[in-house]
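Summary of structural features
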Protein chains: 2
Amino acid sequence: MTSQLRSEHSLQADTAFLLARANAHSLTAANAALAPLGLRVRSFSVLALAVDEGRLSQRDIAEYLRLDPSQVVALVDDLQERHLVTREPDPTDRRAKVVIATGAGRKLHEEAAEATRRALDAMLGGLQAEERAVLRALLTRLAFPA
Amino acid sequence: MTSQLRSEHSLQADTAFLLARANAHSLTAANAALAPLGLRVRSFSVLALAVDEGRLSQRDIAEYLRLDPSQVVALVDDLQERHLVTREPDPTDRRAKVVIATGAGRKLHEEAAEATRRALDAMLGGLQAEERAVLRALLTRLAFPA
DNA sequence: TATTGTTATACTCTATAACTATA
DNA sequence: TATAGTTATAGAGTATAACAATA
């Protein structure tokens, strides 16, 4: 790659481009870290929500992860076949199914969370703790616009 | 969506997740802004590099955009068929082809850059100028690790 | 031997429409 | 009439291997 690739290009000043490239790095690292556990970023994300206490429906999960509800079906199917989550009926709405992690699911999630944390840490290695906090705060506002 | 989706979840503290969600918003907005011009984010990015003075080869473009060289072939094919770019032989390496924007390509790029700028502006609406600069600086370091 | 562009192929992700059962 | 989950399908994006021309 020529040295010009690190500067002088209009895309370099484009926040959307930087966001895409940073995300691509992050995705690659996270998927590599999760592969030995049989997970990918998306299945890990669903598992993480199932571990939390929110008792989320598939619809909730779809909205939170910006996925189509039909995609969540396949992700939950996979996790359920591996006995990592169960679909429980929502007592207040018989249409809805709440996704809950099993004991095995919680255990795997712990390992997976640690693996992704290490991968992210390596990627953020050049940033001070305060810079990381600022980045997280700014990204939160972009990720969840008012 | 329940109110719990805005907080209390482990993913909420995960910078990689925030990066992915912010990027998804950004991609959706940019693709929508580019659609009337017959471009998508990836073809726009290739066009933008062709407009710059770097005289980049397809290999350079692939590396910069984190694409496989074989994907750049298809993107350049499309732009070339629409007479927005040309492939010029590199005098210093007969294997390589330099991708250069035509006059029409430059004109369309100008419109497209303005459209994406507006879309990004809407997305960053909640951020002050200084916050935007900080975000851009931090993302640059993640996008182009030393 | 290694690299550039290319073709081919398979897999993942994204987007949409339609169906069923419930609300 | 609208919503939750599901099925199906097509298009976009990602990843890999192999080949010809050239370095």
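1. Quick look at the pattern of salt bridges
Residues and elements named next belong to chain A. Tallied over the entire structure, the rule returns 20 salt bridges over all chains. With a shortest N-O distance of 4.0 Å, Arg117 and Asp121 are connected by a salt bridge. Of this pair, Arg117 and Asp121 both sit in helix α5 (residues 103–123), four residues apart, which is roughly one turn of that helix. A residue is classified by how much of its surface remains accessible, and Asp121, at 36% relative accessible area, is partly exposed. Ionic contacts of the salt-bridge type, sharing partners, join the residues Glu114, Arg117, Arg118, Asp121 and Arg132 into one network.

2. Considerations on the packing of helix α1 (residues 15–34) of chain B against helix α5 (residues 103–123) of chain B
Residue and element names in this part refer to chain B. At a minimum axis separation of 9 Å, α1 and α5 run at an interaxial angle of 140 degrees. When the interaxial angle is binned, α1 and α5 end up oblique. As for how α1 packs across α5, the hand of that crossing is right-handed. On the side of α1, the interface is formed by Ala22, His25, Ser26, Ala29, Ala33 and Leu34, while α5 contributes Ala112, Ala115, Thr116, Ala119 and Met123.

3. As for the protein's contact with DNA strand D
Every one of the 19 residues lining DNA strand D counts as a neighbour, but Gln58, Arg59 and Arg95 of chain A together with Arg42 and Asp68 of chain B are closest to it. The side chain of Arg95 of chain A places a nitrogen or oxygen atom 2.5 Å from a base oxygen of DNA strand D. The side chain of Ser70 of chain B places a nitrogen or oxygen atom 3.1 Å from a base oxygen of DNA strand D. Of all the elements in the fold, those that place two or more residues in the surface near DNA strand D are α3 (58–64), α4 (69–81) and β2 (93–101) of chain A together with α4 (69–81) and β2 (93–101) of chain B. Broken down by class, the residue content of the surface near DNA strand D amounts to four nonpolar, five polar and 10 charged.

4. Some remarks on the interface of chain B and chain A
Contacts between the two partners involve 55 residues from chain B and, on the opposite side, 55 residues from chain A. With both chains or domains summed, chain B and chain A bury close to 5,700 Å², and 64% of this area falls on carbon and sulfur atoms. When residues of chain B are sorted by the area they lose upon contact with chain A, Tyr64, Arg66 and Leu142 of chain B head the list and together hold 13% of the total. Close ionic contact of Arg141 of chain B with Glu131 of chain A constitutes a salt bridge, the shortest N to O distance being 2.9 Å. Taken together, chain B and chain A are joined by 23 residue pairs in polar contact (both at pLDDT 80 or more). Secondary structure elements with two or more residues in the side of chain B that touches chain A: α1, α2 (41–51), α3 (58–64), α5 and α6 (129–143) of chain B. It is α1 of chain B that provides the largest number of residues to the side of chain B that touches chain A, a total of 13 residues. Class assignment for the residues of the side of chain B that touches chain A results in 29 nonpolar, 15 polar and 11 charged.

5. Observations concerning the pairing of β2 of chain B
By the bridge criterion, six bridges tie strand β1 (residues 85–90) of chain B to β2 of chain B in an arrangement that is antiparallel. Within β2 of chain B, the residue paired with Glu88 of chain B across the bridge is Val98 of chain B.

6. So, the nonpolar core
Side chains of nonpolar character tend, in soluble globular proteins, to be buried together. Counting residues in hydrophobic clusters, the biggest one holds 88 residues, and the most contacted among them are Leu47, Leu65 and Leu135 of chain A together with Leu47, Leu65 and Leu135 of chain B. Excluding residues within four positions of it along the chain, Leu47 of chain A makes contact with Leu39, Leu79, Leu84, Val85, Ala101, Gly105, Leu108 and His109 of chain A.

7. Thoughts on the packing of aromatic side chains
As enumerated under the stated definition, the model contains six aromatic pairs over all chains in all. Ring geometry for Phe17 of chain A versus Tyr64 of chain B: centroids 5.3 Å apart, planes at 25 degrees, classification stacked. Linking Phe17 of chain A in helix α1 (residues 15–34) with Tyr64 of chain B in helix α3, this pair reaches from one chain into another. As far as burial versus exposure is concerned, Phe17 of chain A and Tyr64 of chain B are alike and both buried. Judged by centre distance (6.4 Å) and plane angle (50 degrees), the rings of Phe17 of chain A and Phe144 of chain B are tilted. In this pair, Phe17 of chain A is assigned in helix α1 and Phe144 of chain B in the segment after α6, connecting two distinct chains. With a relative accessible area of 8%, Phe144 of chain B lands in the buried category. An aromatic cluster of at least three residues, connected via ring pairs, comprises Phe17 of chain A together with Tyr64 and Phe144 of chain B.

Calculation rules
- Residues numbered from 1 in each chain as written.
- Chains lettered and ligands numbered in written order.
- Predicted model: local features only at pLDDT ≥ 70, side-chain atom pairs only at ≥ 80, totals over all residues.
- Heavy atoms only, no water.
- Salt bridge = Lys/Arg side-chain N within 4 Å of Asp/Glu carboxyl O.
- Helix = DSSP H or I, 4+ residues; strand = E, 2+ residues; numbered from the N terminus.
- Buried < 20%, exposed > 50% of the residue type's maximum accessible area, 1.4 Å probe, protein only.
- Axes fitted to C-alpha atoms, helices over the stretch in contact; angles between N-to-C directions.
- Parallel < 35°, antiparallel > 145°, perpendicular 65-115°, else oblique.
- Left-handed = near helix turned anticlockwise from the far one by under 90°.
- Contact = heavy atoms within 4.5 Å.
- Near = heavy atom within 4 Å.
- Polar contact = N/O pair within 3.5 Å; in protein donor to acceptor, adjacent residues only side chain to side chain.
- Nonpolar A, V, L, I, M, F, W, Y, C, P; charged D, E, K, R; others polar.
- Buried area = accessible area lost by both parts, 1.4 Å probe.
- Pairing = 2+ DSSP bridges.
- Core = buried A, V, L, I, M, F, W, Y, C linked by side-chain atoms within 4.5 Å.
- Phe/Tyr/Trp six-rings, centres within 6.5 Å; stacked < 30°, edge-to-face > 60°.

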